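Each chain is listed here by its residues.
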Amino acid sequence: MMKKNNTLIADVYFLLMLAAFSIVAIYMGTAHNFLMINVFYLGISLLLLIISYFMGLLPGLLGNLIFIFIQGSYMLYANLVKGQEVSFLMMFWLFMPLLLSLVTYGMTDRQRKIQAENQHMQLQLSEDIVFDELTNLRTMNAYQQDAEIFIGTHKRFSIPVSTGIITVRYDDQLLNMISAEKKVKLIKEVSKILVASLRENDIIYNISGQANKPRWAILLFSEKDGANIATERIKKNVEEQLAKHPQFNKYDIQLKIGVAEYDDSITSVKGFIAAAVQEQAYDV
């Protein structure tokens, strides 16, 4: 409902801006005797519009107030000192720049809010998605939910639980060397090999998120030593498969793995991940 209201208000602002510019166009078309003066004031109006658009409402209002003060002072001087009547031309351009600035700022501000709301909704949607469309693996949201279940099982039945975090070694340098299309193919290929390398009860997750560096996680009912053996086997298999792959064999792609076993010092799922990430420092 809020999104519809924001869109409606943005449309109203657009129509007001269109109406305001139409009035200016019609006026300039009928007042062709004052073409140079109208062009001059139109240039000032456009300058004030640019200030309002790029610098915000307050600088735009300040610029308009300065313009109104100068224009109003000149009108008073011409009327009181020179005895000239205030023309419709002067009155028209006294407030039209302010109106254009307000309407333009209102429209652009609503557009920014709509864009921010859409980005927020997309982020929330991505967090609620259980399966990643790219790799068909379970996501970070699913990992957090499953990790709570694994940890709960550990606390109830004293079954050891470990997690492994997998990244690509030297990922900054590697991702700079390959195209975006090849990066997608790499993520898909590594994910496929990881799934094929897992034991039956282990679960692999794509926790890289949108537009982030490739990162995977594994949950295992195992002690750390057993998890290390399993992840080393997975790591070796992935690297061997990539070394044979026609698109990636020239890059010497290696994985970096950190494994952590859950214990009472870990207070949250994020802490569980952080402990495994910290262990990656020892994978040299």
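All values derive from a computational prediction rather than experimental measurement. (Residues numbered from 1 in each chain as written. Predicted model: local features only at pLDDT ≥ 70, side-chain atom pairs only at ≥ 80, totals over all residues. Heavy atoms only, no water.)

Enquirer: Just checking my understanding: could you explain unusual backbone geometry for this structure?
Expert: Glycine aside, negative phi is the norm for most residues, and most peptide bonds take the trans geometry. Despite not being glycine, Asn136 shows a phi value in the positive range, around 65°. On the secondary structure map, Asn136 appears in the loop between helix 4 (88-128) and helix 5 (140-157). In this structure, Asp252 is a non-glycine residue whose phi angle is positive, near 50°. Mapped onto the elements, Asp252 comes out in the loop between helix 8 (224-244) and strand 4 (255-261). (Helix = DSSP H or I, 4+ residues; strand = E, 2+ residues; numbered from the N terminus.)

Enquirer: Before we go on, may I ask you to explain the packing of helix 7 (residues 180-197) against helix 8 in this structure?
Expert: Helix 8 packs onto helix 7 with a crossing angle of 135° between their chain directions and a minimal axis gap of 9 Å. The angle between helix 7 and helix 8 falls in the class oblique. Two packed elements cross with a definite hand, and for helix 7 against helix 8 that hand is right-handed. Contacts from Leu186, Glu189, Val190, Ile193, Leu194 and Ser197 of helix 7 reach helix 8 at Arg233, Ile234, Asn237, Val238, Gln241 and Leu242. Residue classes in the contact of helix 7 with helix 8 are distributed as seven nonpolar, three polar and two charged. (Axes fitted to C-alpha atoms, helices over the stretch in contact; angles between N-to-C directions. Parallel < 35°, antiparallel > 145°, perpendicular 65-115°, else oblique. Left-handed = near helix turned anticlockwise from the far one by under 90°. Contact = heavy atoms within 4.5 Å. Nonpolar A, V, L, I, M, F, W, Y, C, P; charged D, E, K, R; others polar.)

Enquirer: Hey, could you run me through the pairing of strand 1 (residues 162-168) in this one?
Expert: The side chains of a regular strand alternate, residue by residue, between the two faces of the sheet. Most of strand 1 sits out of view: seven of its seven residues are buried. Taking every second residue as pointing to the same face, both faces of strand 1 are buried, with Ser162, Gly164, Ile166 and Val168 on one and Thr163, Ile165 and Thr167 on the other. Here six bridges tie strand 1 to strand 3 (residues 215-220), and the two strands are oriented antiparallel to one another. Paired with Gly164 across the two strands is Ile218, which belongs to strand 3. As paired strands, strand 1 and strand 4 are joined by seven bridges and run antiparallel to one another. Of the residues in strand 4, the one forming a bridge with Ile165 is Gly258. (Buried < 20%, exposed > 50% of the residue type's maximum accessible area, 1.4 Å probe, protein only. Pairing = 2+ DSSP bridges.)

Enquirer: Is there a simple way to explain the sheet that holds strand 1 in this structure?
Expert: In sheet architecture, strand pairing relies on hydrogen bonds along the backbone and comes in two forms, parallel and antiparallel. One open sheet holds the four strands; their spatial order is 2-3-1-4, and the pairing between them is antiparallel. For this open sheet the edge positions go to strand 2 (203-206) and strand 4, each flanked by a neighbour on one side alone. Averaged over all adjacent pairs, the angle separating strand axes in this sheet is 20°, with direction ignored. Sheet contacts for helix 5: strand 1, strand 2 and strand 3; angle to strand 3, the most-contacted strand, approximately 20°. Sitting on the sheet, helix 9 (residues 269-279) touches strand 1, strand 3 and strand 4, and the angle it makes with strand 4 is about 130°.

Enquirer: I'm lost on the environment of Glu223 in this one. Help?
Expert: Positionally, Glu223 belongs in the loop between strand 3 and helix 8. Between the alpha carbons of Glu223 and Val161 there is a distance of 6.3 Å; along the sequence they are 62 residues apart. Look past the residues within four positions of Glu223 in its chain and what remains in contact with it is Pro160, Ser162 and Glu261.

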